[in-house]
Amino acid sequence: MRGWLRRLGSPLCGRSGLASRILGLERSPWRGFSGAGSDEPESDWRRRRRRPLSPLERLSRLLPEELLSPEVQALRGDEPEPEVIPKAPSKDIPFQLGELVLAEVRRRRNGEFKRLWRLASAEGALNSTWGAVPHREILGRLPGQVLRTSAGHSLLVRRPTLEEFVLLMKRGPTIAYPKDISTMLLLMDISQGDKVLEAGSGSGGMSLFLSRAVGPQGHIISYEIRKDHHKLAKKNYQTWCDAWRIGHTVEWPDNVDFINADILTAAEDLKTITFDAIALDMLLPQNALPTVIPNLKQGGVCTVYLANITQVVDLLEAIRTRKLNLFCERIVEVTHRDWLVLPNTWRNSSIFQSRETKPDFDDELDGRDENNDPSAEEREHDEAFVSNGTKPPYIARPYPWQTGHTAFLIKLRKVNPAYSNNVPNVTC
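In the nomenclature of an unreviewed UniProt entry, the protein corresponds to tRNA (adenine(58)-N(1))-methyltransferase from the organism Anolis carolinensis. If you open the UniProt record of the protein and go to Catalytic activity (unreviewed entry), you find "an adenosine in mRNA + S-adenosyl-L-methionine = an N(1)-methyladenosine in mRNA + S-adenosyl-L-homocysteine + H(+)".

Right, here's the structure in full:
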């Protein structure tokens, strides 16, 4: 090969000349000997070179294309194209007209302010005691932006979660709280593709959670006896679905049928349907059990949402006297305990004061307006407290205001009649 290069001309000879680059003998700072004479890092070289080049291919790269023979040009054309790695689709979707927006302001002592509204038009604005924010300043922005209101306060705007929508949506009857709904889904063991019967649509909160749990292949049938509650549940469900369709790449499943009828008279309509689970949120669920339990699969679970313990006693007594093939497995009361973990600074100290030492948390009696910025004394104290990279002492304790009792959740399982007669179902 070296003799063939000598016949081409002396400029090609020598370890420092063109021959060295053609034969791959030139030392590279990135490799012992660079196969292409490149000064690029080894990772880049390996990504572009899928296979080592022959001496003829190296020489053909240095010559003009019109001087190459057809055979060499064919070899150059057969080189594989560099692999293009597709990028994942972006999920950063800016706010658009028709979406639901949650505005949030975190207060220093009394919790936080949240406001849910729709971006109906570009000329509108969000008006609150914290100031106004025009819709045109929100449209086209990504969620998670901090905007300034007309009053000078910082306002965080983002898309609401399903839990926040259920808590802030328009209500008719008292809603089932998301913490209880999530526990009911666990008790029923809901999965993709299940058929679930709901008695008591209410404001539509549980219907939304059930819809997401069963997925596009599942089906929810929701009964509501009151016409105004039935309309409100459908409206809230549609409001969430419309907003979801705008702000997400995957549509919300359309799998809920709202029926304005009495569940006690639905035996004829449900006789051909077998449900995987049943959820009852009504005043007298014991009256509906003889109607709906025949349509529950053997071993399926029926969960009941009741507000007070006397209703639980009446339910279990009705199951015992009517000899229903149901076994009470659990009676659950769900409590969430929020905690505060904050540096022990001037601004945060008042949050942790007990009600015995500070019985009134009213801002007027406190002498400071929480809407105003911290005073110079507070800022100087806090900056000195956490300066020089030192770790300030933290205070951790339960939040002063806790969510109290909301409901009792009863888990009833459909069993063989012989088993339910031998085991006392009133002892959960």
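Right, let's talk about the packing of helix H11 (residues 285-292) against helix H12 (residues 309-321) for a bit. Where H11 meets H12, the axes come as close as 9 Å, and the angle between the chain directions of the two elements is 35°. By crossing handedness, the relation of H11 to H12 is classed as right-handed. On H12, the residues touching Pro285, Gln286 and Leu289 of H11 are Asp314, Leu315, Ala318 and Ile319. Of the residues that constitute the contact of H11 with H12, the class distribution is five nonpolar, one polar and one charged.

Here the structure, examined in full by the defined rule, presents five aromatic pairs. On the numbers, 5.1 Å between centres and 75° between planes, the contact of Trp244 with Trp252 is edge-to-face. Put simply, the rings of Phe165, Trp240, Trp244 and Trp252 touch in pairs and so form one group of aromatic residues. One Lys or Arg, Arg159, reaches over the ring of Phe95 and ends 5.2 Å from the middle of that ring.

Attention now goes to the layout of surface pockets. There is about 770 Å³ of room inside the second largest pocket. Looking at the second largest pocket, it is lined by 35 residues, and the ones nearest its centre are Gly200, Glu224, Asp281, Met282 and Leu283. Looking at the lining of the second largest pocket, the elements that each hand over two or more residues are strand E7 (195-199), helix H8 (205-214), strand E8 (219-224) and strand E11 (296-306). Of the residues contributing to the lining of the second largest pocket, the split by class is 19 nonpolar, 11 polar and five charged.

It is worth spelling out the sheet that holds strand E15 (residues 408-414) at this point. One key point about sheets: their strands pair by backbone hydrogen bonds, in either a parallel or an antiparallel sense. The seven strands lie next to each other as E9-E8-E7-E10-E11-E15-E12, forming an open sheet whose pairing is mixed. At either margin of the open sheet sits one strand with a lone partner, and together these are strand E9 (256-260) and strand E12 (326-332). Taken over all neighbouring pairs, the strand axes of this sheet differ in orientation by 15° on average, direction set aside. Here E11 pairs with E15 via six bridges, running antiparallel. Its bridge partner being in E15, Leu306 is matched across the sheet by Phe408. Contacts from helix H7 (residues 178-188) reach strand E10 (275-280), E11, E12 and E15, with the element oriented near 160° to E11. Most of the contacts of H12 go to E15, to which it runs at about 15°, and overall it touches E11, E12 and E15.

Let's shift gears to the pattern of salt bridges. Applying the stated criterion to the full structure yields 12 salt bridges. Across the pair Lys179 and Asp180 runs a salt bridge, and its minimum N-O distance is 3.3 Å. For Glu317, the salt bridge identified is with Arg320, shortest N-O distance 2.6 Å. Of this pair, Glu317 and Arg320 both sit in helix H12, three residues apart, which is roughly one turn of the helix. The exposure class of Glu317 is partly exposed, given its relative accessible area of 34%.

Attention now moves to the pairing of strand E3 (residues 125-128). In the sheet, E3 pairs with strand E4 (residues 131-134) via four bridges, with the strands oriented antiparallel. Within E4, the residue paired with Ala125 across the bridge is Pro134. Two successive antiparallel strands, E3 and E4, enclose a turn made up of two residues.

Core analysis: the biggest nonpolar cluster contains 37 residues, and Met188 and Ile190 have the highest contact counts within it. Broken down by secondary-structure element, the contributors of at least two residues to this core are helix H6 (162-168), H7, H8, helix H9 (227-247), E9, E10 and E11. At six residues, the largest contribution of residues to this core is made by H8. If near-sequence neighbours (up to four positions away) are discounted, Ile190 is found in contact with Leu185, Val196, Ala213, Val214 and Ala277. Membership of the second largest hydrophobic core comes to 28 residues, among which are Val292, Leu296, Val312 and Phe408.

Let's shift gears to the confidence of the model for the protein. Considering every residue of the protein, the mean pLDDT works out to 78; 68% of them sit at 70 or more. Low pLDDT (under 50) marks residues 18-46, which in the prediction has 48 contacts with non-local residues, meaning those over four places away or in another chain. This stretch, residues 354-372, has a pLDDT under 50; its non-local contacts, to residues over four places away or in other chains, come to 29 contacts.

Criteria and cut-off values
Residues numbered from 1 in each chain as written. Predicted model: local features only at pLDDT ≥ 70, side-chain atom pairs only at ≥ 80, totals over all residues. Heavy atoms only, no water. UniProt positions renumbered as here; feature names shortened; annotations may be inferred. Axes fitted to C-alpha atoms, helices over the stretch in contact; angles between N-to-C directions. Helix = DSSP H or I, 4+ residues; strand = E, 2+ residues; numbered from the N terminus. Left-handed = near helix turned anticlockwise from the far one by under 90°. Contact = heavy atoms within 4.5 Å. Nonpolar A, V, L, I, M, F, W, Y, C, P; charged D, E, K, R; others polar. Phe/Tyr/Trp six-rings, centres within 6.5 Å; stacked < 30°, edge-to-face > 60°. Lys NZ or Arg CZ within 6 Å of the ring centre and 35° of its normal. 1 Å grid on protein atoms, 1.4 Å probe; cavity = no way out; pocket = protein on both sides within 12 Å on 5 of 7 lines; lining within 4 Å. Points joined across faces, edges and corners; volume = space filled by probe spheres on them. Pairing = 2+ DSSP bridges. Salt bridge = Lys/Arg side-chain N within 4 Å of Asp/Glu carboxyl O. Buried < 20%, exposed > 50% of the residue type's maximum accessible area, 1.4 Å probe, protein only. Core = buried A, V, L, I, M, F, W, Y, C linked by side-chain atoms within 4.5 Å. pLDDT = per-residue confidence, 0-100.

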